[in-house]
Each structure stands twice: as structure tokens, then as C-alpha cells.
Amino acid sequence: MTATTTTTTTTGRADYRDSGLVFPAGFTFGSATAAYQVEGAFDEGGRGPSIWDTFSKTPGKVWNGDTGDVACDHYHRVEADLDLMADLGLGAYRFSIAWPRIMPTGTGEVNQAGIDFYSRLVDGLLERGIRPVATLYHWDLPQALEDAGGWPVRATADAFERYAEVMGAALGDRVHTWTTLNEPWCSAYLGYGQGGHAPGRHEPDAALAAVHHLNLAHGRAVQALRATSTGDPEYSVTLNFHVLRGEGDGAAEAMRRIDALANRAFTGPMLHGAYPEDLLADTRDVTDWSFVRDGDLADIRQPIDVLGVNYYSTATVRMWDGVSPKQTNDGHKGVPGATAWPGSEGVVEFVEQPGPYTAMGWNIAPEGLEELLVALGEEFPEQPLMVTENGAAFDDVVAEDGTVPDPERLDYLRRHFTAAHRAMERGVDLRGYFVWSLLDNFEWGYGYAKRFGIVRVDFDTLERTVKDSGRWYGKLARTGVTP
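Here's what I pulled together on the structure shown here. A quick note: this is a predicted structure, and the numbers were derived from the prediction, not measured. (Residues numbered from 1 in each chain as written. Predicted model: local features only at pLDDT ≥ 70, side-chain atom pairs only at ≥ 80, totals over all residues. Heavy atoms only, no water.)

**Looking at the side chain of Thr33**
Just so we agree on the cut-off: Helix and strand definitions here come from DSSP, where helices need a minimum of 4 consecutive H or I residues and strands a minimum of 2 consecutive E residues; each element is numbered from the N-terminal end. Here a polar contact is recorded for every N or O atom pair within 3.5 Å, except that within protein the pair must consist of a potential hydrogen donor and a potential acceptor, and residues adjacent in sequence are included only if both atoms are side-chain atoms. Whether two residues touch is decided by their heavy atoms; if any such pair falls within 4.5 Å, the residues are in contact.
Counting through the fold element by element, Thr33 comes out in the loop between β1 (28-32) and α1 (35-38). Within the structure, Thr33 has its side chain in polar contact with the side chain of Tyr93 (distance 2.6 Å). Apart from residues no more than four positions distant in its own chain, Thr33 is found in contact with Val38, Tyr93, Arg94, Phe95, Ser96, His138, Trp436, Ser437 and Leu438.

Shown next as C-alpha cells:
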């Protein structure tokens, strides 16, 4: 999948600032969070440690020494947060389940207190008419499993299958949509290659082994969830697609190599049933892929009801000349001597893109979302899509009257919803859209320095305040028409 060749047909404003766009009846308007980023209560209710507990408490790994120990204290404030979602008019809430809250060591005994917490959350959503969309894995691997090798070893996929069985039996009668993994690209390449994410390893071969075992975990989890869920849930996975632009004489080759690592390493086995041959060739000096066993690809390729699409920005690549200082503007904090691009780190560079930018330094390019959705619709015409994350970090300021005007975020959302609407007008089967994020929260390696929420969290008092973007989104969620 390369979202680089599709011609965009503009039917509204060239700047994507349309209003009055009508979304179809039944379109899902939701918002999303992740367990480690919002829950807190890191050592309560029987929860065991995760790789993010360990990583965030390792000096120098997270800005400011921030951790998720308290985060937004969602664990204790869940009822108030549910009321907040209802007040916003959300049709669905995408949350993640903390694996170490369910199985503190990743295997063995199940912690009933953890099951009970998520059961209350699901029931509270249903009572308020909000569909529960549950992600099994949003990066918080139980530390005991990492100690035994983590995602580069097959046993972690085995453990994930068992965890999926437990959750399917516990919540599969009420969950609307199961999502197996969130952004396995980040788990594999940032966790085990570049090291900017937990567990912070710098092992290119391990990163590629993690790619495969995450893919395997997805396929096995879908099967386990289907076998144990007694309701009628839908099944999905969420991928963070890289929308690429190319520069220079070797633009096509640069885009091909990064597309293979970033996108097709996952869509290939999950949706086509095979790893791309060019990916295997590009990485032959890193690994021989002998961790792929007979039967694995059949396990991985499972029918899913919806493909989750995360999009924030584009990336521009070119072939590196090997002489000039290499640019590494791939949107992630640089780690000296480490790479998220095994097999291509000495070949391709990520060049700086024109602004404007969000507070993350990511360029704002709503047309990239339209291109991506159309490209996916063309490659997988029978596969319904869902935008499972899109949003922006900006440095919000509380006004004297206590409100939180955030015109940049509101504008960002307007333009990206316009892009999604245009993709639908071009025939894309897009079922819904989840804004990232419901709450300001622990932004991984950036700690509490980056605010993505449509609801502000005062991290001293933990008070919630709906931002102007949240009010705008609430109107959209209630009416189905962009204000």
C-alpha cells in the first residue's frame, strides 16, 4: 500500500475548511484513549508492572521524568469520565485494556479485579448509549513477558492468544468491536529497533521478529475472540499507515522501501496472506526470517470486519547520498545510533517537510488522509475502514474565564473530517472516526508535555475542562453535520 499515486479531486474548499458536510446515518463519531496514558492506579487492584512502568522510571527515557503512575486517574474517575463522554454526545469510546491488569505476569492466574474494572466500564458505556470499542494491546506488555524475551519471541504471541481468550469470555457478550493491536509498527520498530518507546531496545533483527510475532498475535487473537465471545462483536486491528512523499531521482525507490517496512509488513500478512518479497529482500542482511513457521501466515490472515486507520501527518523520503548529513525527520524522537528502519537506515533519509506543524513537529496535511483512505479503498475494496485515531497536539492556554480556546486543534479537526468526507464521496467505505484523544494524557516519551485532548486535564488537580474543539466535536457527533 503506497498512498502516493492517487489523484485528489477537490469538491469543496482547496484548504479543506468545509462546513455543513453531512455524514451518513449510522456513521460512528467516537474518541479514544489508551490504558497506560489515562488510568493511573499503577499498583492498585492487582495490576502488575508493564514495560512502560519500567521504561518511564528509567532516568532519561521520558521527558521530565514523567510516568503514568497517576496519569488522568481514570481508574478512580471512570464514572465522571463516562458522564463526560455522554455530555459530549459520543457514539463510541475506544479504550484499551491493560494486559497486566488482567494477567499481572502476562500468563497464569487471571486477576478478577481487573476484569471487574473493565466490565464496569463497558456496562457504564452501554448504559449511556455509547458503543464500547476495546483494544487488547496498546503497548503495555507485562514486564514479566519482556523479561522472558518480549515480542521478538514466539511465546509472547502464545500468551497473547490466552489473554484474548480470557477477555473474549469476560466481555465478548457486550463489546461492540474488538481491536487486537494498536499500531504494531510502533511496538516493533520503536520498541525494539529505535528504542524511543518501551522496552527501549536497539536490535534491528529483534524488531523484525517482533513484527512477525505481533502479526501472529493478531491472527491468533481474532480466532480466540471469535471462539469465546458470546455476543456479536466486530473484529479489527489498528495500523498507523505512513503516507509518503518522495524527493529526488530515487524517490520511487525510497518510498517503496519505507512503504514495505511501515505499511506492507502488516497489510501483507494480515490482508494478503504473505510478506512482500521486496521486504524480505531489503532486510536479508538483518534477518533470514526463519522465525516465520509453517502455518503462521494462515493464522495471521483472518477475516476482519473493519480495518482501523491511524493518521496524523505525512513523511517525505529520498535516497541518501551517503555523504551529506543524513536527515532523520520521521516524526519520532531521535536516538543516536539506533533506527526504526532496519535494512534501509543507511539508504533512505527522511527530509524536513514544510509546515505548518503541530506541537509534535508533525506537518498538517489533511489531503494525506484523503489519499490514504482512497488508496486503501482501492487496494482492499471489500474491507470497511474506520479512522481509529486522528488529532493534534497544541500548547493550549486557559482563558481568564476558565474556558480553553484551541482554534488550531478545531481547525485541524475540521480539515481532517473534510478529508474523510471527501474520501467517502469518492466511494470509500468509511464507517466512523475516533478523535485522538478524549483527554490530555501521558504522551509516551514526551510525558505530559504534549496535549492532544479535546478535554483539558489539569495535571495538578486532575480537573477536566472541555475545550472549544470538544464543543465543536460534540455538535458534530450529535448532528452528523460539520458545524
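**Some remarks on the environment of Arg264**
Selection criterion: Only protein chains enter the calculation, and the probe is 1.4 Å; a residue is then buried if its accessible area is under 20% of its type maximum, exposed if over 50%, and partly exposed in between.
Along the chain, Arg264 falls in helix α10 (residues 251-272). By relative accessible area, Arg264 is classed as buried at 15%. Note: C-alpha distance between Arg264 and Leu279 (15 residues apart in sequence) is 8.2 Å. At a separation of 2.7 Å, a polar atom in the side chain of Arg264 contacts the side chain of Asp259.

**With respect to the packing of helix α7 (residues 154-171) against helix α9 (residues 204-228)**
Operational definition: Note on geometry: axes are C-alpha line fits, over the in-contact stretch for helices, and angles between N-to-C directions span 0 to 180 degrees. Here the angle decides the label: under 35 degrees means roughly parallel, over 145 means roughly antiparallel, 65 to 115 means roughly perpendicular, and every other value means oblique. For a crossing to be left-handed, the near helix must be turned anticlockwise from the far one by less than a right angle; the clockwise case is right-handed. Any residue that is not Ala, Val, Leu, Ile, Met, Phe, Trp, Tyr, Cys, Pro, Asp, Glu, Lys or Arg is counted as polar, Gly included; the first ten are nonpolar and the last four charged.
Between α7 and α9, whose axes approach to 8 Å, the crossing angle comes to 25°. Taken as axis vectors, α7 and α9 run roughly parallel relative to one another. Every pair of crossing elements has a handedness; the one defined by α7 and α9 is right-handed. Counting all contacts with α7, which are made through Arg154, Ala157, Asp158, Phe160, Glu161, Ala164, Glu165, Gly168 and Ala169, the residues of α9 involved are His212, His213, Leu216, Ala217, Arg220, Ala221, Ala224, Leu225 and Thr228. Along the lines of polarity and charge, the residues of the contact of α7 with α9 split into nine nonpolar, four polar and five charged.

**Let's talk about the pattern of salt bridges**
Cut-off, in case you're wondering: What makes a salt bridge here is a side-chain nitrogen of Lys or Arg within 4 Å of a carboxyl oxygen of Asp or Glu, nothing more.
As enumerated under the stated definition, the model contains 38 salt bridges in all. A salt bridge links Asp282 to Arg257, with the nearest nitrogen and oxygen atoms 3.8 Å apart. Here Arg257 lies in helix α10 and Asp282 lies in helix α11 (residues 277-282), a separation of 25 residues in the sequence. For the pair shown, Asp282 and Arg257 are each scored as buried. Across the salt bridge formed by Glu370 and Arg426, the nearest N and O atoms sit 2.8 Å from each other.

**What to know about the side chain of Glu183**
Condition: Here Asp and Glu are counted as negative and Lys and Arg as positive; His is not counted, and neither are the chain ends.
Mapped onto the secondary structure, Glu183 falls in the loop between β4 (177-182) and α8 (184-194). Nearest to the buried, unbridged Glu183 among oppositely charged side chains is Arg94, at 7.0 Å.

**A short note on the sheet that holds strand β6 (residues 243-246)**
Note the cut-off: Strands were regarded as paired on the criterion that DSSP finds at least two bridges between them.
Read from one edge to the other, the open sheet built from three strands follows the order β6-β8-β9, with strand pairing classed as mixed. For this open sheet the edge positions go to β6 and β9 (348-351), each flanked by a neighbour on one side alone. On average, adjacent strands in this sheet sit at an angle of 40° to one another, irrespective of strand direction. Strand direction decides the pairing type here: strand β8 (residues 314-319) and β9, joined by four bridges, are antiparallel. Directly across from Thr316, in β9, lies its bridge partner Val351.

**Overview of the packing of aromatic side chains**
So the rule is basically this: Centres within 6.5 Å make a pair out of two Phe, Tyr or Trp rings, where for Trp the six-membered ring is used; the pair is then stacked when the planes are under 30 degrees apart, edge-to-face when over 60, and tilted otherwise. For a ring to carry a charge above it, either NZ of a lysine or CZ of an arginine must fall within 6 Å of the ring centroid while also lying within 35 degrees of the normal to the ring plane.
The final tally for this structure, using the stated rule, is 41 aromatic pairs. Pairing Trp52 with Phe55 gives two aromatic rings, centres 5.1 Å apart and planes at 70°, and the pair type is edge-to-face. Taken as a pair, Trp52 and Phe55 lie in helix α2 (residues 51-56) at a separation of three residues, close to a single helical turn. In this structure, Trp52 and Phe55 share a single accessibility class: buried. With 5.9 Å between their ring centres and 65° between their planes, Trp151 and Phe160 make a pair best called edge-to-face. Each of the two residues, Trp151 as well as Phe160, counts as buried. Each member of the aromatic cluster is reached from another via a ring pair, and the members are Tyr36, Trp52, Phe55, Trp139, Phe442, Trp444, Tyr448 and Phe459. In this structure, Arg101 packs its charged tip against the face of Phe117, placed 6.0 Å from the ring centre. The ring of Tyr16 carries Arg422 above its face, with NZ or CZ at 4.1 Å from the centroid.

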